[in-house]
Amino acid sequence: MSRNYDYIIVGGGSSGCALASKLATKGKVLLVEKGANHTAYPQSKVKEGWPQIAAVVVSALRNKGSGHWTGTANVLGGGSTMNAGVCVRGQKEIFTSLGIDLSSAEKAFQFLERTICLPADYEEYQKIFEDAWKERGDYYRLPGYTYGSWIEEALRDNNVSLSEGNSHGYKNSIQVAKTIMPTKDNDERRPASFLFEKSHLVEKEASILDQGNLTVLLLTQAKQIIFNDNNVAIGVDLISPAGNMTAYVRREGKIFLNAGVYETPKLLMLSGIGPRATLDKYDIPVLYENEHVGLHLQDRKTSYITLAGLKDIEGDDAAILDVLAISEKTWSYMSNKNTLVWGNAFGRCQTCAPIHRTNSCATQVLAAAIFYGSGYQDSGPHYLPMNVIGRYPETRGNITLASSSYSDDVIVQDGWSTNINDLKGPALNDFNTIVGGVQDQIIRFMRETSILEKLGTVALNASLNEKFSAELQDFLTTSQDQRLKASELLDECKFNENPLGDCVSMDTCLPTTPSIPVNDSAILREIVFNSLGSTWHMSGTCRVGDVVKKGSMEVIGVRNLHISDLSILDETVDTHPFMTAMVIGLTVGENTSPVQSGNFEYFPVILSSFCCVIILLIPFILIIKAIYGKLKNKRKMMDFRSLRQSMARSLRAQATEAVTIMKWRNVSCSYATKAASKTTLFNNSGKIVSGELTALMGPSGSSKSTLLDILAGRKSEGRISGAFDVLGQHVDAYQDGVSKITTAMKNHSAYIPQQEFFYPTQTCFEAVNFVANMCLGKPKNENQRKAFISLCLDDVGLPSEEFADRKIGGDLPGGITIRGLSGGERKRLVLATALALKPRVMFIDEITREENVASVVIIHQPSAKVFKNFDNLLLLAKGRQVYAGPLAELPEFYERNYDEGIPQDYDLADDLIVKAIAYQAERDEDHWAGPLQANMDDIPIQSTSEEKIDLGKIEGTSIVSENYLAGSEMSVGDSENPESELSFVDNPIMKESDESYEQPPSSWKLTIVFKRNLKNQYMSNIANVVGRLASYTILSILIGAIFFQVGKGANSSSDGLTFTEAELLIRTNIFVLNVSYLLPFSSIPVFVGDKRFFVAECALGLYSPWMYGLSQVVLETLFVTLAAIIQTCIIIPMCSMVNPSFSAPISFMTMLAALIMSGLVGSTLVFLCSMALPSQDLAFVAGSTIVTISLALSGGFLPPSEMSAFPYALQWISPVKYSMQALLTSQLDGTSAERLLDIGEFNTPSSVTGNLGVLVGIFLLLALLSGLAMTRLKETR
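Residues numbered from 1 in each chain as written. Predicted model: local features only at pLDDT ≥ 70, side-chain atom pairs only at ≥ 80, totals over all residues. Heavy atoms only, no water.

Draft legend 1. How the structure looks around the overall build of the protein. For the protein, the count of helices and strands is 42 helices and 41 strands. Classification of the 1277 residues of the protein by burial places 59% in the buried group. Contacts spanning at least 24 positions in sequence make up 76% of the contacts within the protein whose residues lie at least 6 apart. Summing over all exposed atoms, the protein offers an accessible surface of approximately 50,200 Å²; the carbon and sulfur share of this is 53%. (Helix = DSSP H or I, 4+ residues; strand = E, 2+ residues; numbered from the N terminus. Buried < 20%, exposed > 50% of the residue type's maximum accessible area, 1.4 Å probe, protein only. Contact = heavy atoms within 4.5 Å. Areas by Shrake-Rupley, 256 points an atom, 1.4 Å probe, with all protein chains shown as cover.)

Written as structure tokens, this is what we have:
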């Protein structure tokens, strides 16, 4: 089917139509009817059309037991379209057994009696019968119209006291019927479909059918019920002239089987619910085994006798069941004179013995009725059919499948036999009851009343032994001759013969066809048996308590499948059942809850609302903070220059003595190779003293950087050995590793990396302030902190008045270049950030000279002016220590090792490098003679840490690398002249200031990192933000234009989307998710670029990786929220994706939540790839591959239900799958296309909250993996 419904009703009979009329007031209903509309049969429009219409619209089948014909009415309205139309209330016990409240049942009866039941035309013919029954004296005329067994209600409604009524006794009653047949006041039959075809509640109100909630499919047959894996009925397979189709109900929608006593259990068994033996026999998969399906069939029988009528009476041409005679066990009625031919055709040769009612005979009888006319006659002698029917049959039969095909009729066994002598048990009891009814309501009725005289059959006041008139005898003889002639014409049939022969007086027989004996019980039983047929009043094949639950009528073992036709009854309906069937339909419909229009979920709305509030609050907070900052600055304006001078004077006054900060001895480094271990540093020893500048020199490849990294605790590769004394703490590198050196130097050292890393959008002040905030914590006095940062800038040659607000500059991701600092100025800024750390030891790749600062410099061939400023020298040659000591002792070194003095006309530094190169060329590593230096025994390494160093007296030391100089356009001093004089700066920053700072907590560091990333990645890099948002906007507009109004569908009415239109909505969503998952790839350059800063800053120990990762996640969440808001604001109105089951704001916020989480997962995946992989290209390849596969597995291109086994198994790891399900659920849940979620298997999880929960889990997993990847990022030294 093109859409799904709240309710599907299979079977448009009496109960089905009544049920549809009630459910259509609660939701969308599909009513499936196998037959045509009743308006296709003109016989339904006139009272005289019965039983002709009954003969032509039924799907007849022959009982295997009795040989009687029975079947199902294939026409809209079912039995109410083709029956005799008498309105009679079924007994109360039926409703009690079903769990239906009696007051509800009575209201439903009253409703039907007001709307479709009208008083029958009461003419002379009806009056004759009523008066005749009254003559009996034991039959009482019940007041009102056809209450059936509701005696007390009949008395109450007609103002008859209970005591007065009981005085008459109600074992036998006469009831005058209301009817749904045409009358003088009503020109049309009112079948059950009248309840929704016509407006009957409010004058001029549109009918239920016209109101649009009810769809009726005619000439459509149900093949089987469809269940999901949880045994929930979700749809019905149908076949119609248009072909095969499937109709679905919405989630929690209900399917009702009202197909009748034969078709309903047949559908159950074809769907896998029934006796296992039957299902196994026809290879039907067992859904739920229930041996009771098809059992307990009740097929009430009737004896069909015709009475001779010799005169015309007003009303004898149209009366049908207008007057009922109801005894304790049977009831009877008379029909009009025109019903014989078609009544016989309806019963498929009711005038034949059951054994002779074969298929071929039935075909001939029906054909004869069609070709030779209806037998309608205006006047003359005629047959008046009279039926006697058992009220409460005991016999139980069963039905079973004939095959696994929906088109084959079931096999019916009614518990009777075609041979009277084979009757036994309940069947024999029921037969005896009918025989007793014939004796009472035909023989006694005719012999003890004046009915035959009033019908003109016998003379007035004729005695019982008086012979029949010649006219009557001639009519009876002619009747028998006609049967013989019919037997010759219809050679497949054998009509009943008259076993009595000639009937001449009431003393021995009755003037009936066949003649009924008065005193011969054997012949009477034979005649009654041969006249038996089905009343077509069947019930019981899906009995309540065995197949359906009492009260709800839900089929046991499954969900959302209900039965509300006569098959659920435990006993046969007294008298006529069609009104009872309608009442069951009405009450079940009344008690059925409306299907929820949509499951409102709080979590998506809360999630999206929270993100939106944060988006709105951030600009507000920033504005308030800026205003507050300006006001605060105005209140606390200070002369920062004066403050800096005051701080410097105060700090200079603090004098300290030189202290040894670090000593090391026999430090070596080796690397494992495939061939053997390779040593690059051999037995190096030395020390660092506060206030001294040490040069670390040597030719290329002499392991200068290796030694520097070991001393700084930054060496990450190689095997280190040697002994260290760091700030009074002994370290054995072989046992403890370099990490212990790092730990010992933490919070007491600063390291300036070889290459500087700054955000191009940062100002110089912000760069230094960031480092100060991370290491010194939140300032108690902001002005003092600003003065401190200004001093840092001033002391490296970057005057704060000029450089504080200058951007650092450089290349932004995407190729945008920002003008800023020169290379030399960037080097100076690096020094300023190092000074802001207030370290006790500095490891910097730059030359500086500061009072009380020790510096070790790796420097390659410095000029004489530069070299003379060093205090100490460490000279290496191929990892060997050539010299280690003060520069003042170099003359002794030259004299002792080279027998010469220090060169006067040649740069000393250049000569030292030349001698080192020559020295390592002359000596083989395997026969190294030892260092050309003085004895280093004066550098003892204590084995314990008893000697403690007063850290308060250590002002700082610097180890400076030549590599920093090599990559720079300046050294120190004059930024334009790398050979300029070293700057001797009296630096108070290295000392303790008057301000005391709190140890920075993690929350403070996280805040600083977040603010820095927010400003530099988003606020200052506005081009990137605008570009990304513009991409979201443009793509959303394009998607909206391409899929314009797809959510509205071709029919914009409340019918909702068809399945085809909903499938187009799925395609739209995959493009929407392309935006959410693919556009984050534009952030790869940003993430990869930021990775350099992160690695450098983490190497300095400024913050933990999780702080950076968390700040990035929060920032991307905010950006993704903003992008998702743009997407949603564009796509929802353009594509009309509003879910009509919710209010527009709820629908908007739910879809927004799905897009936020989708974008966040996509962004975090990109972030993970950027952090985990070494290059931007690899990050793009890996990320795009993952997203492409995820998109393919999402179900947007091929629904999961159609995937082969391998991709079906993989789909569960696709985040796009859950994004797709969240979007589709938010758009289709509660709509006409809701069941498409189940058909396509977009239902695991089945809620938006569930899918968002999975996305949250994936997001957290990706974030965790990103954190792990970040912890593994480090400089390789």
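Draft legend 2. Fine view of unusual backbone geometry. A cis amide bond links T513 to the next residue, P514, at an omega of -10 degrees. Mapped onto the elements, P514 comes out in the loop between β23 (512-513) and β24 (516-517). Here the bond from T1244 into P1245 is cis, since omega is -5 degrees, no more than 30 degrees from zero. Non-glycine residue N231 carries a positive phi angle of around 60 degrees. Even without being a glycine, C349 presents a positive backbone phi close to 80 degrees.

Draft legend 3. Focus on the state of the cysteines. All told, the structure shown has four disulfides when counted by the stated rule. For C503, the disulfide goes to C509, at an S-S distance of 1.6 Å. Torsion about the S-S bond of the C503 and C509 cystine: about 110 degrees, corresponding to right-handed handedness. For C509, a relative accessible area of 1% gives the class buried. With its disulfide-bonded cysteines labelled consecutively along the sequence, the protein is connected as 1-2, 3-4, 5-6, 7-8. C612 takes part in no disulfide bond, and the closest cysteine sulfur to it belongs to C611, at a distance of 6.9 Å. (Disulfide = S-S within 2.5 Å.)

Draft legend 4. Representation of the environment of L791 within the structure. Within the element layout of this structure, L791 appears in helix α25 (residues 782-795). Separated by 45 residues in sequence, L791 and A836 have C-alpha atoms that sit 9.2 Å apart.

Draft legend 5. Geometry of the UniProt feature "transmembrane region" (unreviewed entry) in the protein. Mapped onto this numbering, the UniProt entry gives "transmembrane region" (unreviewed entry) at residues 602-628, 1025-1044, 1064-1088, 1109-1134, 1146-1171, 1178-1198 and 1252-1271. Within the segment residues 1146-1171, helix and strand shares are 100% and 0% respectively, and the terminal C-alpha atoms sit 37 Å apart. (UniProt positions renumbered as here; feature names shortened; annotations may be inferred.)

Draft legend 6. Summary view of helix α29 (residues 890-898). Those residues of α29 that sit buried are L890, F893 and Y894. Down the axis of α29, the buried set is contained in an arc of 95 degrees. They therefore lie on one face. Remark: D899 follows α29 within two positions and exhibits a positive phi of approximately 55 degrees. (Arc of directions from axis to C-beta.)

Draft legend 7. Examining the confidence of the model for the protein more closely. Summarising the model, the protein shows a mean pLDDT of 83, and 86% of its residues fall at 70 or more. Note on residues 848-853: pLDDT under 50 across the span, and 30 contacts to partners over four residues away in sequence or across chains. The model gives residues 924-997 a pLDDT under 50, and that stretch makes 241 contacts with residues more than four places away or in other chains. (pLDDT = per-residue confidence, 0-100.)

Draft legend 8. Spotlight on the pairing of strand β12 (residues 233-240). Summarising burial for β12: seven of the eight residues are buried, a large majority. Note: strand β11 (residues 221-227) against β12, six bridges, orientation antiparallel. Across the sheet, Q221 pairs through a bridge with I239, a residue of β12. Pairing of β12 with strand β13 (residues 243-257), which is carried by six bridges, proceeds in the antiparallel orientation. The partner of I239 across the bridge, within β13, is N244. (Pairing = 2+ DSSP bridges.)

Draft legend 9. Up close: the packing of aromatic side chains. Summed over all chains, the structure comprises 27 aromatic pairs. When the ring of F109 is compared with that of W150, the centres are 5.5 Å apart and the planes differ by 75 degrees; the resulting orientation is edge-to-face. Note that F109 is positioned in helix α5 (residues 102-115) and W150 in the loop between β7 (140-145) and α7 (151-157), a separation of 41 residues in sequence. Relative to Y894, the ring of F893 lies with its centre 6.1 Å away and its plane at 85 degrees, an arrangement referred to as edge-to-face. Just as F893 is buried, Y894 falls in that class too. Among the aromatic residues, ring-to-ring pairing joins F770, F1087, F1094, Y1103, Y1108 and F1167 into one connected group. Seen from the ring of F770, R1012 lies directly overhead, with NZ or CZ sitting 4.2 Å from the centre. (Phe/Tyr/Trp six-rings, centres within 6.5 Å; stacked < 30°, edge-to-face > 60°. Lys NZ or Arg CZ within 6 Å of the ring centre and 35° of its normal.)

Draft legend 10. Summary view of the side chain of T306. With respect to the element layout, T306 can be found in strand β16 (residues 295-309). Sequence-distant contacts of T306, defined by excluding residues within four places in its chain, comprise L340, Y383, L384, P385, R483, T512 and T513.

Draft legend 11. A look at the sheet that holds strand β6 (residues 118-119). Across the sheet, three strands lie side by side as β5-β9-β6; this open sheet has antiparallel pairing. Both edges of this open sheet fall to β5 (86-87) and β6, since each of them pairs with a single strand only. The sheet contact formed by β5 and strand β9 (residues 178-179) spans two bridges and is antiparallel. Counted as the bridge partner of V86 is T179 from β9.

Draft legend 12. The environment of M538, seen in detail. Tracing the backbone shows M538 in strand β25 (residues 532-539). With a relative accessible area of 8%, M538 lands in the buried category. It is 4.6 Å that separates the C-alpha atoms of M538 and D299, two residues lying 239 residues apart in sequence. Beyond its immediate chain neighbours, meaning those up to four positions away, M538 contacts T70, G71, V261, Y262, L297, Q298, D299 and L566.

Draft legend 13. Summary view of the side chain of S1190. Take S1190: it is sitting in helix α38 (residues 1176-1192). By relative accessible area, which is 5% here, S1190 ends up buried. In contact with S1190, other than residues within four places in its own chain, are S1214, P1215 and V1216.

Draft legend 14. Structural detail: the pattern of salt bridges. Taken as a whole, this structure holds 37 salt bridges when the rule is applied. Of the charged contacts, one joins D440 and R136 as a salt bridge, the two residues approaching to 2.7 Å between their closest N and O atoms. Residue D440 is found in helix α14 (residues 425-448), and its partner R136 is found in helix α6 (residues 124-136); the two are separated by 304 residues along the sequence. Judged on exposure class, the residue D440 and its partner R136 are both buried. Across the salt bridge formed by D546 and R543, the nearest N and O atoms sit 2.7 Å from each other. Classification of D546 by relative accessible area gives buried; the value is 19%. Shared partners join several salt bridges into a network, and the residues in it are R136, D138, D440, R444 and E448. (Salt bridge = Lys/Arg side-chain N within 4 Å of Asp/Glu carboxyl O.)

Draft legend 15. Representation of helix α17 (residues 521-531) in the model. Along α17, the positions that sit buried rather than exposed are I523, L524, I527, V528, F529, N530 and S531. Turning to α17, the residues buried within the fold contact β16, α14, β24 and β25.

Draft legend 16. Examining the packing of helix α32 (residues 1002-1019) against helix α33 (residues 1022-1042) more closely. Their axes nearest at 6 Å, the elements α32 and α33 cross at an angle of 65 degrees. Residues Q1017, Y1018 and M1019 of α32 lie in contact with α33, whose contacting residues are I1022, V1025 and R1028. When its residues are assigned to classes, the contact of α32 with α33 shows four nonpolar, one polar and one charged. (Axes fitted to C-alpha atoms, helices over the stretch in contact; angles between N-to-C directions. Nonpolar A, V, L, I, M, F, W, Y, C, P; charged D, E, K, R; others polar.)

Draft legend 17. Fine view of the pairing of β16. Buried residues dominate β16, accounting for 14 of its 15 residues. Alignment of β16 against strand β20 (residues 397-400), held across two bridges, turns out to be antiparallel. From the neighbouring strand, L295 faces β20, where its bridge partner is N398. Of the pairings in the sheet, the one linking β16 to β25 comprises five bridges and is antiparallel in character. Each bridged residue has a counterpart across the sheet, and for K301 the counterpart in β25 is S534. Bridge analysis of β16 against strand β19 (residues 382-390) gives eight bridges, and the strand direction is antiparallel. Within β19, the position partnered with A308 by the bridge is Y383.

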